[in-house]
Amino acid sequence: MMPEKSPDSAPGKQRDQSSGSLGGYTAGLGFALLLTAGSFLVGKTGLFWPPGVPVGLAVLAIAQMGVHLVFFLHLSTGKDNTNNVLALAFGVLIVGLVVSGSLWIMVHLNANMMPAAAAMEMRH
Amino acid sequence: MNTAATNGELLGMPARDTPQEASGPSAKGPAPVEIVVAYGFWIFLLSDIIMFSALFASYAVLSGDTAGGPAGSDLFNLKHVAIETLCLLFSSYSCGLGALAIDRRHLSAFYLCSAVTFVLGATFLGLEITEFAGMVAQGAGPTRSAFLSAFFALVGLHGVHVSIGLSWLVFMVGQVGAQGPRDYVLRRLHCFSLFWHALDIIWIALLTLVYLVGARS
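Residues numbered from 1 in each chain as written. Chains lettered and ligands numbered in written order. Predicted model: local features only at pLDDT ≥ 70, side-chain atom pairs only at ≥ 80, totals over all residues. Heavy atoms only, no water.

A.B. asks: Explain the packing of helix α4 (residues 107-137) of chain B against helix α6 (residues 183-212) of chain B to me, please; I cannot follow it from the model alone.
C.D. replies: A pair of packed helices is characterised by two quantities: the angle between their axes and the separation of those axes. Residues and elements named next belong to chain B. Packing of α4 against α6 leaves a shortest axis separation of 14 Å and a crossing angle of 30 degrees. Taken together, α4 and α6 sit at an angle that is classed as roughly parallel. Here the hand of the crossing between α4 and α6 comes out left-handed. Each of Phe110, Thr117, Gly121, Phe124, Glu128 and Glu131 in α4 lies in contact with α6, whose residues at this interface are Leu189, Trp196, Trp203 and Tyr211. The class makeup of the residues in the contact of α4 with α6 is 6 nonpolar, 2 polar and 2 charged. (Axes fitted to C-alpha atoms, helices over the stretch in contact; angles between N-to-C directions. Helix = DSSP H or I, 4+ residues; strand = E, 2+ residues; numbered from the N terminus. Parallel < 35°, antiparallel > 145°, perpendicular 65-115°, else oblique. Left-handed = near helix turned anticlockwise from the far one by under 90°. Contact = heavy atoms within 4.5 Å. Nonpolar A, V, L, I, M, F, W, Y, C, P; charged D, E, K, R; others polar.)

Structure follows, in structure tokens:
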């Protein structure tokens with residue numbers, strides 16, 4: 001590890017400026033509670049057009065993840081955060097590839113499979 | 001990695017640690033240790049999330065393959081899940097308040113927040129274990145169907161993470177008690193908060209994909 005000679009950290013001062021504030025955490029909690037309540041409302045009650053429900057749930061979940069990243073994990077557009085945001089972008093890319101790629105392959109595989117009934121007959 | 005080369009410096013020459021006049025984030029010399037540590041831990045968290053994404057993908061593929069056994073809508077109790085969600089959310093909040101308290105060197109407030117975080121996390125874990133035990137008792141254990149194997153692997157791995165987080169929290173509280181709020185203790189605590197908040201993000205995905213979507217179909 002490099003010696004701590006950086007001009008932007010004074011000697012003896014290691015306090016992390018990105019620990020946020022009480023207001024930030026409370027706002028994050030408020031948003032998260034609202035979005036969670038929204039998810040349960042959309043998912044559990046029959047108030048919404050059923051085919052649209054999964055999309056609505058996905059939107060609410062992604063919004064809540066954003067709230068957690070900003071208010072709890074303190075991801076920001078600040079200078080110290082550029083690397084964190086870039087790493088997150090790469091992580092999101094890999095997660096997207098893994099999930100959508102698996103689903104894409106498996107859906108096609110299922111479509112090309114023999115129907116279960118025919119497979120059962122072949123076993124006899 | 002962050003030492004800057006001034007304009008006149010040739011490539012390959014050792015960079016100096018003194019403040020320099022070049023502009024840009026890396027021109028001021030090496031980044032502070034707490035930023036480097038948090039960045040490294042952030043990379044770990046992202047790789048952990050990528051590991052979870054593989055299990056999410058297999059759950060999404062296998063969620064319909066119940067092999068004639070119970071489906072999600074027969075098993076999941078959304079009230080139970082709502083309480084679990086609230087436990088995790090409020091434990092994230094109290095974990096954040098604990099980070100603020102230790103930054104201001106309010107040790108008693110830090111201990112109180114950590115205790116609340118621990119109790120809420122343990123409540124979550126207790127509810128999850130109860131849920132799992134109930135499912136196994138109904139004959140819906142991980143060996144029943146591909147859907148249940150994927151379910152137990154995915155939700156169980158999150159539960160394992162929560163238990164690791166709880167032991168880490170106990171360890172950190174002990175370290176603050178034994179050694180005081182020293183710099184390296186504060187860095188570890190910062191990593192712990194990152195871990196605890198990241199678990200919440202994974203739970204949001206679990207709640208949505210496994211429970212809310214699963215309880216419908």
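A.B. asks: Which parts of the structure should I look at to understand the interface of chain A and chain B?
C.D. replies: By a frequent convention, interface size equals the accessible area lost on bringing the separate parts together. The interface of chain A with chain B comprises 55 residues on the first partner and 50 residues on the second. Regarding the contact of chain A and chain B, the summed buried area is about 5000 Å², with carbon and sulfur atoms giving 74% of it. The tally of links from chain A across to chain B stands at 0 salt bridges. Across the chain A-chain B interface, the total number found is 2 residue pairs in polar contact (both at pLDDT 80 or more). Going through the elements one at a time, α1 (22-44), α2 (53-72) and α3 (82-112) of chain A are the ones with two or more residues in the side of chain A that touches chain B. Sort the elements by how many residues they give to the side of chain A that touches chain B and α3 of chain A lands first, with 12 residues. (Buried area = accessible area lost by both parts, 1.4 Å probe. Salt bridge = Lys/Arg side-chain N within 4 Å of Asp/Glu carboxyl O. Polar contact = N/O pair within 3.5 Å; in protein donor to acceptor, adjacent residues only side chain to side chain.)

A.B. asks: Can you help me understand the environment of histidine 68 of chain A in this one?
C.D. replies: In this fold, histidine 68 of chain A is placed in helix α2. Residue classification places histidine 68 of chain A among the buried residues on the basis of a relative accessible area of 0%. Placed 37 residues apart in sequence, histidine 68 of chain A and phenylalanine 31 of chain A show a C-alpha to C-alpha distance of 9.1 Å. With residues up to four places along the chain from it excluded, the contact list for histidine 68 of chain A reads Ala32 and Leu73 of chain A together with Leu89, Asp200, Ile201 and Ile204 of chain B. (Buried < 20%, exposed > 50% of the residue type's maximum accessible area, 1.4 Å probe, protein only.)

A.B. asks: Got a minute to help me understand the environment of leucine 69 of chain A in this structure?
C.D. replies: Residues and elements named next belong to chain A. Looking at the element boundaries, leucine 69 is found in helix α2. Given the relative accessible area of 16%, leucine 69 is considered buried. Along the backbone, leucine 69 and glycine 28 are 41 residues apart, and their C-alpha atoms lie at a distance of 9.5 Å.

A.B. asks: Please explain the side chain of serine 145 of chain B as it appears in this structure.
C.D. replies: Structurally, the position occupied by serine 145 of chain B is in the loop between α4 and α5 (146-179). Not counting chain neighbours up to four residues away, the residues in contact with serine 145 of chain B comprise Asp65, Thr66 and Ala67 of chain B.

A.B. asks: I would appreciate a short explanation of the state of the cysteines in the present structure.
C.D. replies: By definition, a disulfide links the sulfur atoms of two cysteine residues through a covalent bond. Residue and element names in this part refer to chain B. By the definition in use, this model includes 0 disulfides over all chains. Cysteine 87 takes part in no disulfide bond, and the closest cysteine sulfur to it belongs to cysteine 95, at a distance of 15 Å. Look at cysteine 87 and you get buried, because its relative accessible area is 8%. In this model cysteine 95 remains outside any disulfide bridge; the closest cysteine sulfur is found in cysteine 113, 9.1 Å from its own. (Disulfide = S-S within 2.5 Å.)

A.B. asks: Can you help me understand the nonpolar core in this one?
C.D. replies: Soluble globular proteins: nonpolar side chains tend toward being buried together. The biggest cluster of nonpolar side chains holds 59 residues, and the ones touching the most others in it are Trp42, Tyr59, Phe76, Phe151, Trp203, Val210 and Tyr211 of chain B. At the level of secondary structure, the elements contributing two or more residues to this core comprise α1, α2 and α3 of chain A together with α1 (33-62), α3 (78-103), α4, α5 and α6 of chain B. Broken down by element, the residue count for this core peaks at 16 residues, all from α6 of chain B. When sequence neighbours within four positions are dropped, the list of residues in contact with valine 210 of chain B reads Tyr59, Phe76, Phe151, Leu154, Val155, Ala205 and Ala215 of chain B. (Core = buried A, V, L, I, M, F, W, Y, C linked by side-chain atoms within 4.5 Å.)

A.B. asks: Could you clarify how one ought to interpret the packing of α1 of chain A against α6 of chain B in this entry?
C.D. replies: As a packed pair, α1 of chain A and α6 of chain B sit with axes 12 Å apart at the nearest point and diverge in direction by 10 degrees. Between α1 of chain A and α6 of chain B, the interaxial angle falls into the category roughly parallel. Residues Tyr25, Thr36, Ser39 and Phe40 of chain A of α1 of chain A form the contact with α6 of chain B, whose own contacting residues are His197, Leu207 and Leu212 of chain B. Split into classes, the residues belonging to the contact of α1 of chain A with α6 of chain B amount to 4 nonpolar, 3 polar and no charged.

The quantities given are spatial measurements derived from coordinates; they are silent on function.
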